[in-house]
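Here is how the chains run, residue by residue.
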Amino acid sequence: DMKVTQMPRYLIKRMGENVLLECGQDMSHETMYWYRQDPGLGLQLIYISYDVDSNSEGDIPKGYRVSRKKREHFSLILDSAKTNQTSVYFCASSLRDRNYAEQFFGPGTRLTVL
Amino acid sequence: GEQVEQRPPHLSVREGDSAVITCTYTDPNSYYFFWYKQEPGASLQLLMKVFSSTEINEGQGFTVLLNKKDKRLSLNLTAAHPGDSAAYFCAVSPSSSFSKLVFGQGTSLSVVP
């Protein structure tokens, strides 16, 4: 069953706390992504990972870092969360050797930072 | 870099009417385009992928048009029904990086019975 999973689905944190969002996929996709979705802004790319320990900044990486130690698993870390990081976070994956980035999305994590 | 503008942000139509969502993009060398559907509280599901070589693509109940000259991509839902109520996003794969997607801002479509 090809899918992208995300944990947790909902999370409430206080400002200054650390946040760990987890993503997994069972399709052996090399490339994985973290996005955030805010009303009126669509999806904005935070980080992209081309494979294990091969990560690149996306369009809005400030305040975030990522970790990919296994191909099927990609983590997003917020060190000292801020209220403006309240958002819905989506993880996605795609095959690298395809010449177009058809991406498969996880169910999302709704993060609230108080 | 590539920029994508999607209009309208909100759209309400009656059941049976058509609905048109349009995206304009800036990179004339973009070749791959996508439409995603997001139902309330759910993730994004791929609706259709469009390659620059084909200007008209048809799915079940909708048509996607690509006008390369005007750099415009449109999604036309024919005879909309309440199950089409969702957010729709276009996405463009920029020529500078085919592994990335640049998303439009999204359109919230409401189909009223």
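These remarks concern the structure in this document. As the structure is a computational prediction, the values presented were derived from the model and not from experiment.

**Remarks on the sheet that holds strand 8 (residues 73–78) of chain A**
Strand pairs in the sheet, formed through backbone hydrogen bonds, run parallel or antiparallel to each other.
All names here are of chain A.
Argument step 1. The sheet built from four strands is open, its strands ordered 1-3-8-7 with antiparallel pairing. Each end of this open sheet is capped by a strand with a single partner; those strands are strand 1 (4–7) and strand 7 (65–70). Here the strands of the sheet are splayed against their neighbours by 20° on average, with no regard to which way each runs.
Argument step 2. Examined bridge by bridge, strand 7 and strand 8 share four bridges and lie antiparallel to one another.

**Some thoughts on the nonpolar core**
The tendency in soluble globular proteins is for nonpolar side chains to be buried side by side.
Argument step 1. The biggest cluster of nonpolar side chains holds 23 residues, and the ones touching the most others in it are Trp35(B), Val64(B), Leu73(B) and Leu75(B).
Argument step 2. The set of elements that each furnish at least two residues to this core consists of strand 3 (19–25), strand 4 (32–38), strand 5 (44–51), strand 7 (62–67), strand 8 (72–77), strand 9 (86–93) and strand 11 (107–112) of chain B.
Argument step 3. Residues Cys23(A), Trp34(A), Tyr89(A) and Val113(A) belong to the second largest nonpolar core, which totals 20 residues.

**Remarks on the sheet that holds strand 6 (residues 56–59) of chain B**
Residues and elements named next belong to chain B.
Argument step 1. The strand order across the open sheet formed by five strands is 1-3-8-7-6, and the pairing between neighbours is antiparallel. The sheet terminates laterally at strand 1 (4–7) and strand 6, the two strands that pair on one side only. Between one strand and the next, the sheet's axes are offset by a mean angle of 15°, whatever the strand orientation.
Argument step 2. Bridge analysis of strand 6 against strand 7 gives four bridges, and the strand direction is antiparallel. Along strand 7, the bridge assignment pairs Asn57 with Val64.

**Some words on the interface of chain A and chain B**
Argument step 1. Facing 21 residues of chain A, the contacting portion of chain B comprises 20 residues.
Argument step 2. Carbon and sulfur atoms supply 56% of the area that chain A and chain B bury against each other, a total of about 1,600 Å² over both sides.
Argument step 3. Applying the counting criterion to the chain A and chain B interface returns one salt bridge.
Argument step 4. Here chain A and chain B share five residue pairs in polar contact (both at pLDDT 80 or more) between them.
Argument step 5. Contributions of two or more residues to the side of chain A that touches chain B are made by strand 4 (31–38) and strand 5 (42–51) of chain A.

**Describing the packing of aromatic side chains**
How two aromatic rings sit relative to each other is given by the distance of their centres and the angle of their planes.
Residues and elements named next belong to chain A.
Argument step 1. Taken as a whole and judged by the stated rule, the model has eleven aromatic pairs over all chains.
Argument step 2. Judged by centre distance (6.4 Å) and plane angle (40°), the ring pair of Trp34 and Phe74 falls under tilted. Taken together, the residues Trp34 in strand 4 and Phe74 in strand 8 connect sequence positions 40 residues apart.
Argument step 3. Note on Trp34: relative accessible area 0%, which makes it buried.

**Quick word on the side chain of Ser49(A)**
Residue and element names in this part refer to chain A.
Argument step 1. Tracing the backbone through its elements, the reader meets Ser49 in strand 5.
Argument step 2. Ser49 sits in the buried class, given a relative accessible area of 0%.
Argument step 3. There is a polar contact of 3.0 Å between the side chain of Ser49 and the side chain of Arg68.
Argument step 4. Once residues within four sequence positions are removed from consideration, Ser49 is found in contact with Glu30, Thr31, Met32, Ser54, Asn55, Arg68 and Phe74.

**Brief notes about unusual backbone geometry**
Argument step 1. Cis geometry is adopted by the peptide bond preceding Pro8(A), which originates at Met7(A) and carries an omega value of -10°.
Argument step 2. Omega for the peptide link from Arg7(B) to Pro8(B) comes to -5°, which places this bond in the cis form.
Argument step 3. Its place among the elements puts Pro8(B) in the loop between strand 1 and strand 2 (10–14).
Argument step 4. With a phi angle near 60°, Ser28(A) is a residue other than glycine that sits in the positive phi range.
Argument step 5. By secondary structure assignment, the location of Ser28(A) is in the loop between strand 3 (19–25) and strand 4.
Argument step 6. Although it is not a glycine, Ala79(B) sits at a positive phi angle of roughly 55°.
Argument step 7. Checked against the element boundaries, Ala79(B) lands in the loop between strand 8 and strand 9.

Parameters and conventions
In this convention, every chain numbers its residues from 1, walking through the sequence in written order. A letter from A marks each chain and a number from 1 marks each ligand, given out in the order of writing. In view of the model being predicted, local features appear only for residues whose pLDDT reaches at least 70, and side-chain atom pairs are presented and counted only at 80 or more, with totals across whole chains, interfaces and linings using the full set of residues. Excluded from the side-chain calculation are hydrogens and water; included are all heavy atoms of the structure. A strand pair is defined by DSSP finding two or more bridges across the two strands. Starting at the N terminus, helices and strands are each numbered in turn, a helix being any DSSP run of H or I of at least four residues and a strand any DSSP run of E of at least two. Note on definitions: angles span 0 to 180 degrees between N-to-C directions of axes, and those axes are lines fitted to C-alpha atoms, for helices only across the stretch in contact. Residues belong to one nonpolar core when they are buried, are Ala, Val, Leu, Ile, Met, Phe, Trp, Tyr or Cys, and are joined through side-chain atoms within 4.5 Å. The classification of residues rests on relative accessible area computed with a 1.4 Å probe and restricted to protein chains. Under 20% of the type maximum is buried, over 50% is exposed, and intermediate values are partly exposed. Any two residues whose heavy atoms approach within 4.5 Å are treated as being in contact. When two components associate, each loses some accessible surface as probed by a 1.4 Å sphere; the sum of these losses over both components is called the buried area. Criterion for a salt bridge: a side-chain nitrogen of Lys or Arg within 4 Å of a carboxyl oxygen of Asp or Glu. Any pair of N or O atoms that falls within 3.5 Å is considered a polar contact. Within protein, one atom must be able to donate a hydrogen and the other to accept it, and sequence-neighbouring residues count only if both atoms are side-chain atoms. Any Phe, Tyr or Trp ring, taking Trp's six-membered ring, that has another such ring centre within 6.5 Å forms a pair; planes under 30 degrees apart are called stacked, those over 60 apart edge-to-face, and the others tilted.

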